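Residues per chain are reported as follows:
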Amino acid sequence: MLSLSFSQIVKSSAPLTHIECAVNVRPEFLQRSQKLLYKVENVQFVGNVFYSEPYVTGNFQVTANLVVPSSRSLEPVKYYENFRYSESYTTTDIPKEELDESDIPIVKIEDDNIDLQTAIEDNILLHIPVTILTPEEEKDNIYPQGNGWTVISEAEFNKGKSNQINPAFAKLKNLFNQENDNQDSE
């Protein structure tokens, strides 16, 4: 588990503490993310932390090779993730106003332990795109289908919707036809 000591960062004479390492994700992370992530490999973590009272702040970069489910078919898709994130850590209680105004997340830590492992794992999940497709789905615009149903694109849906007659107006049309028939018979 990757962690840092808050007090060691505070007491350090160096302006920055540099971290660079490979990260092995924990089995419990894989268990809790099993529907969002099939495989995680080659997680690399690079970052710098520094103390600026009352916070230890870190700026980090994570890269990882993932296999995630396609958002259409749930077929496995290889995805290379490369992102940056920042967090501040403190041992004191944080006023809600300060949390709301801060540009980066502020995390209250317990027992002098900055848990980077959990932050890395959570950010891996947060940075998976909402829409991710297999190369075939992307190239051929393939949508799932089943017995008596099919998924269509938003453009196809809107096209069909524009050609659809509003049932309320269809009744009015018949009403006018009936009035015309009544007038013709008089």
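Residues numbered from 1 in each chain as written. Predicted model: local features only at pLDDT ≥ 70, side-chain atom pairs only at ≥ 80, totals over all residues. Heavy atoms only, no water.

Glancing now at the sheet that holds strand β5 (residues 76-90). Reading across from one edge, β2-β3-β4-β5-β6 is the order of the 5 strands in this open sheet, with mixed pairing throughout. The open sheet terminates on both sides in strands that have one partner only, identified here as β2 (17-23) and β6 (106-108). Across the sheet, the axes of successive neighbouring strands diverge by a mean angle of 25°, strand direction being ignored. Strand direction decides the pairing type here: strand β3 (residues 39-52) and strand β4 (residues 55-69), joined by 12 bridges, are antiparallel. Bridging across to β4, S52 finds its partner in Y55. (Pairing = 2+ DSSP bridges. Helix = DSSP H or I, 4+ residues; strand = E, 2+ residues; numbered from the N terminus. Axes fitted to C-alpha atoms, helices over the stretch in contact; angles between N-to-C directions.)

Note the cis peptide between E53 and P54, where omega equals 5°. Turning to its location among the elements, P54 is positioned in the loop between β3 and β4. Even without being glycine, L74 reaches a positive phi, approximately 70°. Following the sequence through the fold, L74 ends up in the loop between β4 and β5.

Before going further, it helps to spend a moment on the nonpolar core. With 32 residues, the main nonpolar core has L37, V43, F45, L116, I120 and I124 as its most contacted residues. For this core, the elements supplying multiple residues, two or more each, are α1 (6-11), β2, β3, β4, β5 and α4 (116-126). For this core, the element with the most residues is β4, which contributes 6 residues. With sequence-adjacent residues up to four places away left out, L37 is seen in contact with F29, L66, V67, V68, P69, I124, L125 and I128. (Core = buried A, V, L, I, M, F, W, Y, C linked by side-chain atoms within 4.5 Å. Buried < 20%, exposed > 50% of the residue type's maximum accessible area, 1.4 Å probe, protein only. Contact = heavy atoms within 4.5 Å.)

When β4 meets β5, the two strands line up antiparallel, connected through 14 bridges. Opposite T63, over in β5, you have N82 as the bridge partner. Turn length for the β4-β5 hairpin, with the two strands adjacent in sequence and antiparallel, is 6 residues, and the turn residue L74 shows positive phi of about 70°.

As a further point, take the pattern of salt bridges. Enumeration according to the criterion identifies 6 salt bridges in this entry. Close ionic contact of R26 with E28 constitutes a salt bridge, the shortest N to O distance being 3.9 Å. Given the relative accessible area of 49%, E28 is considered partly exposed. A salt bridge links R26 to E121; its shortest N-O distance comes to 2.6 Å. Of this pair, R26 sits in the loop between β2 and α2 (27-32) while E121 sits in helix α4; the two residues are 95 residues apart in sequence, bridging distant segments of the chain. Bridged by salt links that share partners, the residues R26, E28 and E121 form one connected network. (Salt bridge = Lys/Arg side-chain N within 4 Å of Asp/Glu carboxyl O.)

All we've got here are geometric facts, nothing functional implied.
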